[in-house]
Amino acid sequence: MTNSKAIEVKDLTKSFKGKPALDEVSFVVDEGEMLALVGASGSGKSTLLRNINGLQIADKGIVTIFNTPIQDNGKNHSRIRRLRSQIGFIFQQFNLVSRLTVLENVLIGNLAKVPLSRSLFRQFRKWEKYQALAALQRVGILEQAYQRASTLSGGQQQRVAIARCLVQGAKIILADEPIASLDPESARKVMELLCQLNKEGITVVTSLHQVQMVRQYFPRAIALRDGRVMFDGAVEKLNDNRLTSIYGSAVEELVLRGHGEVLV
Amino acid sequence: MMQSENTSDYLSSDNNGKGTISAEVSQMLAKEAKRVTTGKVIFLVATIVILIFSYRQSELNFPLLFQRGENMVEYIKSYFPPDFSYWKTYLEDTLITVSMGIWGTLLAAIAAIPLSILASENVCPVWIVQPTRRLLDAMRAINEVVFALVFVVAVGLGPFAGVMALFIHTAGALGKLFSEAVEAIEPGQVEGVRATGASKIQEIIFGIIPQVIPLWTSFTLYRFESNVRAASVLGIVGAGGIGVLLYQSFQSFDYGKVCAILIILILATSIIDTISAKLRNWLV
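Note that the structure is a prediction, hence the values are computed from the model and not measured.

Conventions used here
Residues numbered from 1 in each chain as written. Chains lettered and ligands numbered in written order. Predicted model: local features only at pLDDT ≥ 70, side-chain atom pairs only at ≥ 80, totals over all residues. Pairing = 2+ DSSP bridges. Helix = DSSP H or I, 4+ residues; strand = E, 2+ residues; numbered from the N terminus. Axes fitted to C-alpha atoms, helices over the stretch in contact; angles between N-to-C directions. Contact = placed C-beta atoms within 7 Å. Expected span 1.5 Å × (residues − 1). Core = buried A, V, L, I, M, F, W, Y, C linked by C-beta atoms within 7 Å. Buried ≥ 20, exposed ≤ 12 C-beta atoms within 10 Å, placed from the backbone. Domains from an automatic or database assignment. Nonpolar A, V, L, I, M, F, W, Y, C, P; charged D, E, K, R; others polar.

Asks: Would you mind showing me how to read the sheet that holds strand S11 (residues 228-234) of chain A here?
Replies: Within a sheet, neighbouring strands are paired by backbone hydrogen bonds and run either parallel or antiparallel to one another. Residue and element names in this part refer to chain A. Spatially, S7-S8-S9-S3-S10-S11 is the arrangement adopted by the 6 strands of the open sheet, whose pairing is mixed. The two strands at the open ends of the sheet, each matched to only one other strand, are strand S7 (87-90) and S11. Ignoring which end each strand starts from, the neighbouring axes of this sheet average 15 degrees apart. Sheet topology note: the strand S8 (residues 172-176)/strand S9 (residues 203-208) ladder contains 5 bridges and is parallel. Considered in S9, the bridge of Ile173 is made with Val204. Here helix H7 (residues 184-199) sits on the sheet in contact with strand S3 (34-38), S8 and S9, set at roughly 150 degrees to S9.

Structure (C-alpha coordinates):
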(Lines give C-alpha, C1' and ligand atoms only; values in the text may rest on other atoms or scores of the structure.)
Protein backbone atom coordinates (compact mmCIF):
# COMPACT_ATOMS: atom_id res chain seq x y z
CA MET A 1 0.00 0.00 0.00
CA THR A 2 1.41 3.34 -1.02
CA ASN A 3 1.38 6.24 1.35
CA SER A 4 -0.11 8.87 -0.93
CA LYS A 5 -2.86 11.14 0.34
CA ALA A 6 -6.38 10.05 -0.56
CA ILE A 7 -8.23 12.89 1.13
CA GLU A 8 -6.88 16.14 2.47
CA VAL A 9 -9.20 18.53 4.27
CA LYS A 10 -7.83 21.96 5.13
CA ASP A 11 -9.50 24.65 7.27
CA LEU A 12 -12.97 23.55 6.19
CA THR A 13 -15.56 25.94 7.64
CA LYS A 14 -19.29 25.96 7.11
CA SER A 15 -22.23 27.45 8.95
CA PHE A 16 -25.99 27.02 8.59
CA LYS A 17 -27.90 30.24 9.28
CA GLY A 18 -25.09 31.59 11.43
CA LYS A 19 -24.66 28.36 13.40
CA PRO A 20 -21.24 26.83 12.77
CA ALA A 21 -21.44 23.24 11.47
CA LEU A 22 -17.76 22.86 10.65
CA ASP A 23 -15.10 24.98 12.26
CA GLU A 24 -11.67 24.98 10.58
CA VAL A 25 -11.55 21.20 10.22
CA SER A 26 -8.24 19.88 8.92
CA PHE A 27 -6.97 16.32 8.53
CA VAL A 28 -5.32 13.96 6.07
CA VAL A 29 -6.41 10.43 5.13
CA ASP A 30 -3.78 8.25 3.47
CA GLU A 31 -4.69 5.84 0.74
CA GLY A 32 -5.90 2.52 2.14
CA GLU A 33 -6.78 3.90 5.57
CA MET A 34 -9.91 3.02 7.50
CA LEU A 35 -11.09 6.05 9.44
CA ALA A 36 -14.04 6.58 11.76
CA LEU A 37 -15.66 9.95 12.40
CA VAL A 38 -17.10 9.92 15.90
CA GLY A 39 -19.47 12.39 17.45
CA ALA A 40 -22.94 12.95 18.85
CA SER A 41 -25.74 13.90 16.49
CA GLY A 42 -25.26 17.45 15.29
CA SER A 43 -21.51 17.38 15.76
CA GLY A 44 -20.84 17.83 12.05
CA LYS A 45 -20.05 14.28 10.89
CA SER A 46 -22.59 14.19 8.07
CA THR A 47 -21.79 17.72 6.96
CA LEU A 48 -18.13 16.83 6.79
CA LEU A 49 -18.72 13.70 4.68
CA ARG A 50 -21.10 15.50 2.32
CA ASN A 51 -18.49 18.19 1.86
CA ILE A 52 -15.79 15.68 0.98
CA ASN A 53 -17.60 14.62 -2.20
CA GLY A 54 -19.05 18.06 -2.89
CA LEU A 55 -22.74 17.29 -2.27
CA GLN A 56 -22.44 20.35 -0.04
CA ILE A 57 -20.20 23.33 -0.51
CA ALA A 58 -18.37 24.84 2.43
CA ASP A 59 -17.95 28.55 3.09
CA LYS A 60 -14.18 28.30 3.36
CA GLY A 61 -11.38 25.76 3.08
CA ILE A 62 -10.12 23.16 0.65
CA VAL A 63 -10.94 19.47 0.13
CA THR A 64 -8.41 17.59 -1.99
CA ILE A 65 -9.01 14.14 -3.46
CA PHE A 66 -5.87 12.41 -4.76
CA ASN A 67 -4.17 15.82 -5.09
CA THR A 68 -7.06 17.43 -7.02
CA PRO A 69 -9.08 20.04 -5.15
CA ILE A 70 -12.74 18.95 -5.32
CA GLN A 71 -13.80 22.18 -3.63
CA ASP A 72 -11.76 25.26 -2.99
CA ASN A 73 -13.02 28.15 -0.85
CA GLY A 74 -16.69 27.63 -1.60
CA LYS A 75 -16.38 26.63 -5.25
CA ASN A 76 -16.69 23.12 -6.67
CA HIS A 77 -14.09 21.86 -9.13
CA SER A 78 -15.29 22.28 -12.71
CA ARG A 79 -15.05 18.54 -13.32
CA ILE A 80 -16.58 17.54 -10.01
CA ARG A 81 -18.53 14.66 -11.56
CA ARG A 82 -15.33 12.96 -12.67
CA LEU A 83 -13.94 13.28 -9.16
CA ARG A 84 -17.18 12.18 -7.55
CA SER A 85 -17.21 9.02 -9.64
CA GLN A 86 -14.08 7.92 -7.76
CA ILE A 87 -15.81 8.38 -4.42
CA GLY A 88 -18.53 6.00 -3.35
CA PHE A 89 -21.08 7.38 -0.93
CA ILE A 90 -23.24 5.30 1.40
CA PHE A 91 -26.16 6.99 3.09
CA GLN A 92 -27.89 6.18 6.36
CA GLN A 93 -31.22 5.91 4.49
CA PHE A 94 -29.58 3.98 1.59
CA ASN A 95 -30.92 6.44 -1.04
CA LEU A 96 -31.63 3.78 -3.62
CA VAL A 97 -34.13 4.66 -6.34
CA SER A 98 -36.99 2.63 -4.92
CA ARG A 99 -38.89 1.99 -8.15
CA LEU A 100 -35.87 0.76 -10.10
CA THR A 101 -34.65 -2.82 -9.83
CA VAL A 102 -31.69 -3.75 -7.67
CA LEU A 103 -29.61 -4.32 -10.80
CA GLU A 104 -30.51 -0.92 -12.25
CA ASN A 105 -29.60 0.72 -8.96
CA VAL A 106 -26.18 -0.91 -9.12
CA LEU A 107 -25.78 0.07 -12.79
CA ILE A 108 -26.33 3.69 -11.74
CA GLY A 109 -22.77 3.49 -10.41
CA ASN A 110 -21.70 3.48 -14.07
CA LEU A 111 -23.42 6.72 -15.03
CA ALA A 112 -20.30 8.87 -15.02
CA LYS A 113 -18.82 6.59 -17.70
CA VAL A 114 -21.95 6.15 -19.79
CA PRO A 115 -22.57 8.62 -22.64
CA LEU A 116 -25.74 10.69 -22.36
CA SER A 117 -27.22 9.22 -25.54
CA ARG A 118 -27.33 5.81 -23.90
CA SER A 119 -28.56 6.91 -20.52
CA LEU A 120 -31.45 8.78 -22.16
CA PHE A 121 -32.96 5.36 -22.85
CA ARG A 122 -31.60 3.70 -19.71
CA GLN A 123 -29.49 1.38 -21.87
CA PHE A 124 -26.52 -0.49 -20.46
CA ARG A 125 -24.09 -2.80 -22.23
CA LYS A 126 -23.96 -6.47 -21.52
CA TRP A 127 -20.54 -6.33 -19.87
CA GLU A 128 -21.75 -3.53 -17.63
CA LYS A 129 -24.62 -5.73 -16.49
CA TYR A 130 -22.20 -8.61 -16.00
CA GLN A 131 -20.00 -6.38 -13.86
CA ALA A 132 -23.00 -5.17 -11.84
CA LEU A 133 -24.19 -8.73 -11.23
CA ALA A 134 -20.69 -9.66 -10.12
CA ALA A 135 -20.79 -6.77 -7.65
CA LEU A 136 -24.14 -8.03 -6.35
CA GLN A 137 -22.69 -11.49 -5.92
CA ARG A 138 -19.78 -9.96 -4.04
CA VAL A 139 -22.15 -8.37 -1.49
CA GLY A 140 -24.24 -11.54 -1.33
CA ILE A 141 -27.61 -10.55 -2.84
CA LEU A 142 -27.37 -11.84 -6.40
CA GLU A 143 -30.76 -13.60 -6.17
CA GLN A 144 -32.63 -10.33 -5.68
CA ALA A 145 -31.14 -8.64 -8.76
CA TYR A 146 -34.43 -8.21 -10.62
CA GLN A 147 -36.58 -7.16 -7.69
CA ARG A 148 -37.51 -3.57 -7.03
CA ALA A 149 -35.11 -1.97 -4.56
CA SER A 150 -38.02 -1.06 -2.28
CA THR A 151 -38.81 -4.75 -1.67
CA LEU A 152 -35.48 -5.40 0.06
CA SER A 153 -34.77 -5.21 3.78
CA GLY A 154 -32.67 -2.36 5.14
CA GLY A 155 -29.51 -4.44 5.39
CA GLN A 156 -29.91 -5.72 1.84
CA GLN A 157 -30.54 -2.20 0.54
CA GLN A 158 -27.35 -1.00 2.19
CA ARG A 159 -25.44 -3.81 0.48
CA VAL A 160 -26.94 -2.73 -2.85
CA ALA A 161 -25.55 0.73 -2.11
CA ILE A 162 -22.14 -0.83 -1.52
CA ALA A 163 -22.41 -2.75 -4.79
CA ARG A 164 -23.16 0.57 -6.47
CA CYS A 165 -19.87 1.91 -5.07
CA LEU A 166 -18.05 -1.16 -6.39
CA VAL A 167 -19.41 -0.64 -9.91
CA GLN A 168 -18.34 2.99 -9.66
CA GLY A 169 -14.82 1.65 -9.23
CA ALA A 170 -14.60 3.88 -6.18
CA LYS A 171 -11.16 4.27 -4.62
CA ILE A 172 -12.70 5.97 -1.61
CA ILE A 173 -15.93 5.05 0.16
CA LEU A 174 -17.60 7.62 2.37
CA ALA A 175 -20.26 6.12 4.61
CA ASP A 176 -22.63 8.33 6.57
CA GLU A 177 -24.00 6.35 9.53
CA PRO A 178 -24.22 3.23 7.33
CA ILE A 179 -25.53 0.98 10.09
CA ALA A 180 -27.66 3.36 12.14
CA SER A 181 -30.90 2.16 10.51
CA LEU A 182 -30.01 -1.54 10.56
CA ASP A 183 -30.58 -4.44 12.89
CA PRO A 184 -27.45 -5.79 14.68
CA GLU A 185 -26.89 -8.76 12.34
CA SER A 186 -27.23 -6.66 9.17
CA ALA A 187 -25.01 -4.01 10.75
CA ARG A 188 -22.32 -6.60 11.36
CA LYS A 189 -22.48 -7.83 7.76
CA VAL A 190 -22.22 -4.30 6.38
CA MET A 191 -19.28 -3.42 8.63
CA GLU A 192 -17.43 -6.60 7.70
CA LEU A 193 -18.00 -5.92 4.04
CA LEU A 194 -16.53 -2.44 4.44
CA CYS A 195 -13.53 -3.94 6.27
CA GLN A 196 -12.92 -6.43 3.48
CA LEU A 197 -13.09 -3.72 0.85
CA ASN A 198 -10.63 -1.71 2.89
CA LYS A 199 -8.22 -4.67 2.96
CA GLU A 200 -8.46 -4.71 -0.84
CA GLY A 201 -7.15 -1.16 -0.91
CA ILE A 202 -10.21 1.07 -0.80
CA THR A 203 -9.98 4.01 1.56
CA VAL A 204 -12.99 4.01 3.90
CA VAL A 205 -14.23 6.97 5.94
CA THR A 206 -17.28 6.20 8.08
CA SER A 207 -19.25 8.33 10.46
CA LEU A 208 -20.58 6.44 13.46
CA HIS A 209 -21.98 7.19 16.86
CA GLN A 210 -21.49 3.70 18.31
CA VAL A 211 -18.10 3.75 19.96
CA GLN A 212 -18.06 -0.04 20.40
CA MET A 213 -18.26 -0.44 16.64
CA VAL A 214 -15.41 2.01 16.16
CA ARG A 215 -13.22 0.11 18.62
CA GLN A 216 -14.00 -3.18 16.94
CA TYR A 217 -13.36 -2.23 13.33
CA PHE A 218 -11.30 0.96 13.03
CA PRO A 219 -7.63 1.64 13.70
CA ARG A 220 -8.01 5.43 13.59
CA ALA A 221 -10.74 7.81 14.69
CA ILE A 222 -11.50 11.51 14.52
CA ALA A 223 -13.82 12.86 17.18
CA LEU A 224 -15.91 15.91 16.39
CA ARG A 225 -17.82 18.23 18.68
CA ASP A 226 -19.71 21.29 17.46
CA GLY A 227 -17.92 21.06 14.13
CA ARG A 228 -14.44 21.02 15.63
CA VAL A 229 -11.86 18.21 15.65
CA MET A 230 -11.36 17.25 19.30
CA PHE A 231 -9.34 14.09 18.76
CA ASP A 232 -7.43 12.57 15.87
CA GLY A 233 -5.40 9.44 16.42
CA ALA A 234 -5.30 5.75 17.21
CA VAL A 235 -8.57 4.35 18.50
CA GLU A 236 -6.90 2.79 21.58
CA LYS A 237 -6.20 6.26 22.88
CA LEU A 238 -9.88 7.19 22.57
CA ASN A 239 -10.83 5.56 25.86
CA ASP A 240 -13.87 6.32 27.99
CA ASN A 241 -12.07 8.98 30.01
CA ARG A 242 -11.02 10.75 26.85
CA LEU A 243 -14.55 10.60 25.47
CA THR A 244 -16.01 11.94 28.69
CA SER A 245 -13.61 14.84 28.70
CA ILE A 246 -14.62 15.66 25.11
CA TYR A 247 -18.37 15.21 25.31
CA GLY A 248 -19.22 15.56 29.00
CA SER A 249 -22.63 14.12 29.75
CA ALA A 250 -23.38 13.67 26.02
CA VAL A 251 -20.97 10.73 26.07
CA GLU A 252 -23.82 8.38 27.02
CA GLU A 253 -25.34 8.85 23.61
CA LEU A 254 -22.12 7.55 22.08
CA VAL A 255 -21.30 4.61 24.28
CA LEU A 256 -24.62 3.27 25.43
CA ARG A 257 -26.80 3.66 22.40
CA GLY A 258 -26.64 1.62 19.23
CA HIS A 259 -25.43 -1.88 18.53
CA GLY A 260 -23.38 -2.71 21.58
CA GLU A 261 -25.30 -5.97 21.92
CA VAL A 262 -23.60 -7.44 18.85
CA LEU A 263 -20.27 -7.42 20.56
CA VAL A 264 -21.31 -9.09 23.81
CA MET B 1 -66.23 2.42 32.47
CA MET B 2 -63.01 1.21 33.99
CA GLN B 3 -61.01 3.25 31.58
CA SER B 4 -62.91 6.44 32.08
CA GLU B 5 -62.54 6.11 35.85
CA ASN B 6 -58.85 5.59 35.50
CA THR B 7 -58.53 8.60 33.28
CA SER B 8 -60.37 10.85 35.68
CA ASP B 9 -58.23 9.52 38.53
CA TYR B 10 -55.13 10.28 36.59
CA LEU B 11 -56.29 13.77 35.75
CA SER B 12 -57.34 14.67 39.26
CA SER B 13 -54.17 13.33 40.86
CA ASP B 14 -52.16 15.36 38.41
CA ASN B 15 -54.09 18.45 39.23
CA ASN B 16 -53.67 17.94 42.94
CA GLY B 17 -50.04 16.83 42.73
CA LYS B 18 -48.69 19.54 40.50
CA GLY B 19 -50.27 22.93 40.10
CA THR B 20 -47.91 23.66 37.20
CA ILE B 21 -49.58 21.17 34.85
CA SER B 22 -53.01 22.68 35.23
CA ALA B 23 -51.46 26.10 34.58
CA GLU B 24 -49.91 24.79 31.37
CA VAL B 25 -53.17 23.20 30.39
CA SER B 26 -55.03 26.42 30.88
CA GLN B 27 -52.37 28.23 28.89
CA MET B 28 -52.87 25.82 26.02
CA LEU B 29 -56.61 26.26 26.35
CA ALA B 30 -56.20 30.02 26.04
CA LYS B 31 -54.33 29.43 22.79
CA GLU B 32 -57.34 27.69 21.30
CA ALA B 33 -58.69 29.70 18.37
CA LYS B 34 -61.76 31.83 19.08
CA ARG B 35 -64.94 30.88 17.28
CA VAL B 36 -65.96 34.35 16.13
CA THR B 37 -63.24 36.68 14.95
CA THR B 38 -63.39 39.88 12.92
CA GLY B 39 -61.53 38.08 10.13
CA LYS B 40 -64.20 35.38 9.93
CA VAL B 41 -67.02 37.95 9.94
CA ILE B 42 -65.38 39.90 7.10
CA PHE B 43 -64.90 36.65 5.18
CA LEU B 44 -68.55 35.71 5.61
CA VAL B 45 -69.82 39.13 4.52
CA ALA B 46 -67.52 39.12 1.49
CA THR B 47 -68.76 35.66 0.49
CA ILE B 48 -72.39 36.76 0.67
CA VAL B 49 -71.67 39.92 -1.36
CA ILE B 50 -69.88 37.91 -4.07
CA LEU B 51 -72.73 35.38 -4.25
CA ILE B 52 -75.38 38.12 -4.64
CA PHE B 53 -73.30 40.01 -7.19
CA SER B 54 -72.64 36.95 -9.32
CA TYR B 55 -76.30 35.90 -9.05
CA ARG B 56 -77.30 39.17 -10.71
CA GLN B 57 -74.49 39.04 -13.25
CA SER B 58 -75.47 35.59 -14.47
CA GLU B 59 -79.16 36.59 -14.64
CA LEU B 60 -80.27 33.52 -12.74
CA ASN B 61 -84.06 33.12 -13.00
CA PHE B 62 -85.24 29.76 -11.76
CA PRO B 63 -89.00 30.54 -11.93
CA LEU B 64 -88.60 30.94 -15.68
CA LEU B 65 -87.90 27.21 -15.97
CA PHE B 66 -91.34 26.42 -14.56
CA GLN B 67 -93.22 29.18 -16.35
CA ARG B 68 -92.13 27.76 -19.66
CA GLY B 69 -92.56 24.21 -18.48
CA GLU B 70 -94.99 23.27 -21.25
CA ASN B 71 -92.66 24.53 -23.95
CA MET B 72 -89.82 22.56 -22.37
CA VAL B 73 -91.84 19.36 -22.42
CA GLU B 74 -92.72 19.93 -26.10
CA TYR B 75 -89.07 20.60 -26.92
CA ILE B 76 -87.76 17.52 -25.12
CA LYS B 77 -90.44 15.39 -26.81
CA SER B 78 -89.08 16.44 -30.21
CA TYR B 79 -85.79 14.66 -29.32
CA PHE B 80 -87.54 11.31 -29.35
CA PRO B 81 -87.43 8.90 -30.96
CA PRO B 82 -83.71 9.27 -31.80
CA ASP B 83 -83.01 9.13 -35.51
CA PHE B 84 -80.22 6.61 -36.17
CA SER B 85 -80.58 6.61 -39.95
CA TYR B 86 -77.03 7.98 -40.38
CA TRP B 87 -75.46 5.92 -37.59
CA LYS B 88 -72.51 4.85 -39.76
CA THR B 89 -71.47 8.46 -40.30
CA TYR B 90 -71.91 9.18 -36.60
CA LEU B 91 -69.72 6.23 -35.68
CA GLU B 92 -67.01 7.29 -38.14
CA ASP B 93 -67.04 10.81 -36.76
CA THR B 94 -66.92 9.51 -33.20
CA LEU B 95 -63.81 7.52 -34.17
CA ILE B 96 -62.29 10.74 -35.52
CA THR B 97 -63.14 12.46 -32.23
CA VAL B 98 -61.48 9.73 -30.17
CA SER B 99 -58.43 9.79 -32.48
CA MET B 100 -58.15 13.54 -31.97
CA GLY B 101 -58.20 12.92 -28.23
CA ILE B 102 -55.47 10.28 -28.49
CA TRP B 103 -53.08 12.42 -30.51
CA GLY B 104 -53.81 15.66 -28.69
CA THR B 105 -53.02 13.94 -25.38
CA LEU B 106 -49.97 12.05 -26.66
CA LEU B 107 -48.31 15.16 -28.11
CA ALA B 108 -49.17 17.08 -24.96
CA ALA B 109 -47.67 14.41 -22.68
CA ILE B 110 -44.43 14.38 -24.68
CA ALA B 111 -44.17 18.18 -24.56
CA ALA B 112 -45.10 18.25 -20.88
CA ILE B 113 -42.10 16.10 -19.82
CA PRO B 114 -39.38 18.71 -20.46
CA LEU B 115 -41.71 21.59 -19.58
CA SER B 116 -42.56 20.07 -16.19
CA ILE B 117 -38.90 19.48 -15.34
CA LEU B 118 -38.15 23.12 -16.20
CA ALA B 119 -41.09 24.21 -14.02
CA SER B 120 -39.99 22.26 -10.92
CA GLU B 121 -38.41 24.26 -8.14
CA ASN B 122 -36.38 21.34 -6.83
CA VAL B 123 -34.68 20.79 -10.20
CA CYS B 124 -34.26 24.17 -11.88
CA PRO B 125 -33.23 27.63 -10.64
CA VAL B 126 -35.95 30.21 -10.14
CA TRP B 127 -35.11 32.20 -13.28
CA ILE B 128 -36.04 29.16 -15.38
CA VAL B 129 -38.93 27.96 -13.22
CA GLN B 130 -40.89 31.21 -13.18
CA PRO B 131 -40.93 31.92 -16.96
CA THR B 132 -41.79 28.27 -17.69
CA ARG B 133 -44.66 28.38 -15.22
CA ARG B 134 -46.02 31.58 -16.76
CA LEU B 135 -45.84 29.92 -20.18
CA LEU B 136 -47.76 26.91 -18.84
CA ASP B 137 -50.30 29.28 -17.26
CA ALA B 138 -50.83 30.97 -20.62
CA MET B 139 -51.30 27.63 -22.38
CA ARG B 140 -53.84 26.55 -19.79
CA ALA B 141 -55.64 29.86 -19.45
CA ILE B 142 -57.01 29.78 -22.98
CA ASN B 143 -59.78 27.27 -23.68
CA GLU B 144 -59.47 24.57 -26.34
CA VAL B 145 -62.28 26.13 -28.38
CA VAL B 146 -60.39 29.42 -28.63
CA PHE B 147 -57.22 27.60 -29.72
CA ALA B 148 -59.33 25.66 -32.22
CA LEU B 149 -60.57 28.91 -33.75
CA VAL B 150 -56.96 30.07 -34.08
CA PHE B 151 -55.77 26.81 -35.68
CA VAL B 152 -58.76 26.59 -38.04
CA VAL B 153 -57.51 29.84 -39.51
CA ALA B 154 -53.90 28.62 -39.52
CA VAL B 155 -54.22 25.06 -40.91
CA GLY B 156 -57.79 25.09 -42.27
CA LEU B 157 -60.95 23.26 -41.27
CA GLY B 158 -60.62 19.69 -40.03
CA PRO B 159 -59.43 17.45 -37.21
CA PHE B 160 -55.78 18.58 -37.40
CA ALA B 161 -56.75 22.02 -36.09
CA GLY B 162 -58.59 20.28 -33.26
CA VAL B 163 -55.60 18.10 -32.38
CA MET B 164 -53.34 21.15 -32.21
CA ALA B 165 -55.84 22.98 -30.00
CA LEU B 166 -56.06 20.02 -27.60
CA PHE B 167 -52.27 19.64 -27.67
CA ILE B 168 -51.50 23.21 -26.59
CA HIS B 169 -54.11 23.40 -23.86
CA THR B 170 -53.34 19.91 -22.49
CA ALA B 171 -49.59 20.48 -22.56
CA GLY B 172 -50.16 23.44 -20.25
CA ALA B 173 -52.31 21.41 -17.89
CA LEU B 174 -50.08 18.32 -17.87
CA GLY B 175 -46.93 20.42 -17.50
CA LYS B 176 -48.34 21.87 -14.30
CA LEU B 177 -49.53 18.50 -12.94
CA PHE B 178 -46.28 16.73 -13.89
CA SER B 179 -44.16 19.37 -12.19
CA GLU B 180 -46.17 19.02 -8.99
CA ALA B 181 -45.34 15.31 -9.02
CA VAL B 182 -41.66 16.11 -9.55
CA GLU B 183 -41.69 18.53 -6.63
CA ALA B 184 -43.02 15.80 -4.33
CA ILE B 185 -40.26 13.26 -4.97
CA GLU B 186 -37.89 11.73 -2.45
CA PRO B 187 -34.72 13.88 -2.67
CA GLY B 188 -32.50 11.21 -1.11
CA GLN B 189 -32.85 8.89 -4.09
CA VAL B 190 -31.69 11.65 -6.44
CA GLU B 191 -28.78 12.39 -4.15
CA GLY B 192 -27.81 8.72 -4.28
CA VAL B 193 -27.59 8.99 -8.06
CA ARG B 194 -25.73 12.32 -7.88
CA ALA B 195 -23.12 10.85 -5.54
CA THR B 196 -22.01 8.41 -8.24
CA GLY B 197 -20.90 11.30 -10.46
CA ALA B 198 -24.01 11.32 -12.66
CA SER B 199 -24.85 14.41 -14.71
CA LYS B 200 -27.95 16.53 -14.19
CA ILE B 201 -29.80 14.83 -17.06
CA GLN B 202 -28.82 11.40 -15.75
CA GLU B 203 -30.09 12.44 -12.31
CA ILE B 204 -33.46 13.23 -13.90
CA ILE B 205 -33.64 10.01 -15.92
CA PHE B 206 -32.50 7.64 -13.18
CA GLY B 207 -33.47 9.46 -9.98
CA ILE B 208 -36.61 11.45 -10.78
CA ILE B 209 -38.51 9.81 -13.66
CA PRO B 210 -38.79 6.34 -12.07
CA GLN B 211 -40.37 7.99 -9.04
CA VAL B 212 -42.96 10.04 -10.94
CA ILE B 213 -43.90 7.63 -13.76
CA PRO B 214 -47.02 6.15 -12.09
CA LEU B 215 -48.44 9.58 -11.30
CA TRP B 216 -47.58 10.95 -14.74
CA THR B 217 -49.33 8.06 -16.48
CA SER B 218 -52.38 8.48 -14.32
CA PHE B 219 -52.56 12.22 -15.08
CA THR B 220 -52.18 11.57 -18.80
CA LEU B 221 -54.99 9.00 -18.90
CA TYR B 222 -57.22 11.36 -16.96
CA ARG B 223 -56.54 14.14 -19.45
CA PHE B 224 -57.25 11.71 -22.30
CA GLU B 225 -60.75 11.14 -20.93
CA SER B 226 -61.46 14.85 -20.73
CA ASN B 227 -59.87 15.48 -24.14
CA VAL B 228 -62.28 13.10 -25.86
CA ARG B 229 -65.12 15.06 -24.29
CA ALA B 230 -63.53 18.34 -25.35
CA ALA B 231 -62.91 17.05 -28.88
CA SER B 232 -66.64 16.45 -29.36
CA VAL B 233 -67.24 20.20 -28.93
CA LEU B 234 -64.41 21.35 -31.19
CA GLY B 235 -66.33 20.37 -34.32
CA ILE B 236 -68.72 23.23 -33.64
CA VAL B 237 -66.01 25.70 -34.62
CA GLY B 238 -64.98 23.53 -37.57
CA ALA B 239 -62.08 21.69 -35.99
CA GLY B 240 -63.25 18.20 -36.94
CA GLY B 241 -64.96 15.33 -35.20
CA ILE B 242 -68.55 14.58 -34.31
CA GLY B 243 -69.18 18.20 -33.26
CA VAL B 244 -69.67 19.25 -36.89
CA LEU B 245 -72.66 16.94 -37.34
CA LEU B 246 -73.99 17.81 -33.93
CA TYR B 247 -73.99 21.50 -34.76
CA GLN B 248 -75.53 20.98 -38.22
CA SER B 249 -78.37 18.89 -36.79
CA PHE B 250 -79.05 21.60 -34.19
CA GLN B 251 -79.13 24.26 -36.88
CA SER B 252 -81.62 22.30 -38.97
CA PHE B 253 -83.86 21.55 -35.93
CA ASP B 254 -83.27 17.82 -36.51
CA TYR B 255 -83.54 16.97 -32.83
CA GLY B 256 -83.95 13.25 -33.46
CA LYS B 257 -80.48 13.21 -35.02
CA VAL B 258 -79.08 15.36 -32.21
CA CYS B 259 -80.41 12.80 -29.76
CA ALA B 260 -78.80 9.93 -31.69
CA ILE B 261 -75.44 11.70 -31.73
CA LEU B 262 -75.65 12.47 -28.03
CA ILE B 263 -76.42 8.82 -27.24
CA ILE B 264 -73.42 7.64 -29.26
CA LEU B 265 -71.22 10.26 -27.56
CA ILE B 266 -72.35 9.24 -24.09
CA LEU B 267 -71.69 5.58 -24.90
CA ALA B 268 -68.25 6.31 -26.35
CA THR B 269 -67.10 8.50 -23.49
CA SER B 270 -68.33 6.12 -20.82
CA ILE B 271 -66.53 3.22 -22.50
CA ILE B 272 -63.32 5.26 -22.63
CA ASP B 273 -63.75 6.43 -19.04
CA THR B 274 -64.19 2.86 -17.83
CA ILE B 275 -61.20 1.52 -19.72
CA SER B 276 -58.88 4.31 -18.66
CA ALA B 277 -60.04 4.17 -15.05
CA LYS B 278 -59.20 0.44 -15.07
CA LEU B 279 -55.80 1.21 -16.57
CA ARG B 280 -55.10 3.88 -13.99
CA ASN B 281 -56.05 1.60 -11.11
CA TRP B 282 -53.80 -1.06 -12.49
CA LEU B 283 -50.87 1.35 -12.88
CA VAL B 284 -50.94 3.13 -9.54
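Asks: What am I meant to see in helix H5 (residues 126-139) of chain A here?
Replies: An α-helix turns once every 3.6 residues. As a result, residues three or four positions apart point the same way. Residue and element names in this part refer to chain A. The first and last C-alpha atoms of H5 sit 20 Å apart over 14 residues, in line with the 20 Å expected at 1.5 Å per residue. Each element contacted by the buried residues of H5 is listed here: helix H3 (102-107), helix H6 (154-168) and H7. Residue Gly140 follows H5 closely and has a positive phi angle near 85 degrees.

Asks: Could you clarify how one ought to interpret the nonpolar core in this entry?
Replies: One broad rule of soluble globular proteins: the nonpolar side chains tend to lie buried together. Grouped together as the largest cluster of nonpolar side chains are 136 residues, with contacts concentrated most on A:Val106, A:Ile173 and B:Ala165. When residues of this core are assigned to their parent elements, the largest contribution, 13 residues, is made by helix H11 (residues 200-234) of chain B. When sequence neighbours within four positions are dropped, the list of residues in contact with A:Ile173 reads A:Gly88, A:Ile90, A:Cys165, A:Leu194, A:Leu197, A:Ile202 and A:Val204.

Asks: Could you clarify how one ought to interpret the domain arrangement of chain A in this entry?
Replies: By a frequent convention, interface size equals the accessible area lost on bringing the separate parts together. All names here are of chain A. According to the domain assignment, chain A consists of domain 1 (1-86 + 171-183 + 198-264) and domain 2 (96-170). Listed per partner, the contact involves 12 residues of domain 1 and 7 residues of domain 2. For the side of domain 1 that touches domain 2, the secondary structure elements donating two or more residues are helix H2 (80-84) and S8. Partitioned by chemical class, the residues of the side of domain 1 that touches domain 2 number 5 nonpolar, 3 polar and 4 charged.

Asks: Help me understand unusual backbone geometry in this model?
Replies: In the segment running from B:Phe80 into B:Pro81, the intervening peptide bond is cis, with an omega of -5 degrees. Following the sequence through the fold, B:Pro81 ends up in the loop between helix H5 (69-77) and helix H6 (87-118). At A:Asp11, a position not held by glycine, the phi torsion is positive, near 50 degrees. Tracing the chain through its elements places A:Asp11 in strand S1 (residues 5-16). When the 14 C-beta atoms within 10 Å are taken as the criterion, A:Asp11 is described as partly exposed. For A:Asn67, which is not glycine, the phi torsion reads 70 degrees and is therefore positive. Mapping A:Asn67 onto the fold places it in the loop between strand S4 (60-65) and strand S5 (68-72).

Asks: I'm lost on the interface of chain B and chain A in this one. Help?
Replies: Listed as interface residues are 18 residues of chain B and, on the opposing side, 25 residues of chain A. Contributing elements (two or more residues each) for the side of chain B that touches chain A: helix H10 (187-194) and H11 of chain B. The residue makeup of the side of chain B that touches chain A, split by class, is 7 nonpolar, 9 polar and 2 charged.

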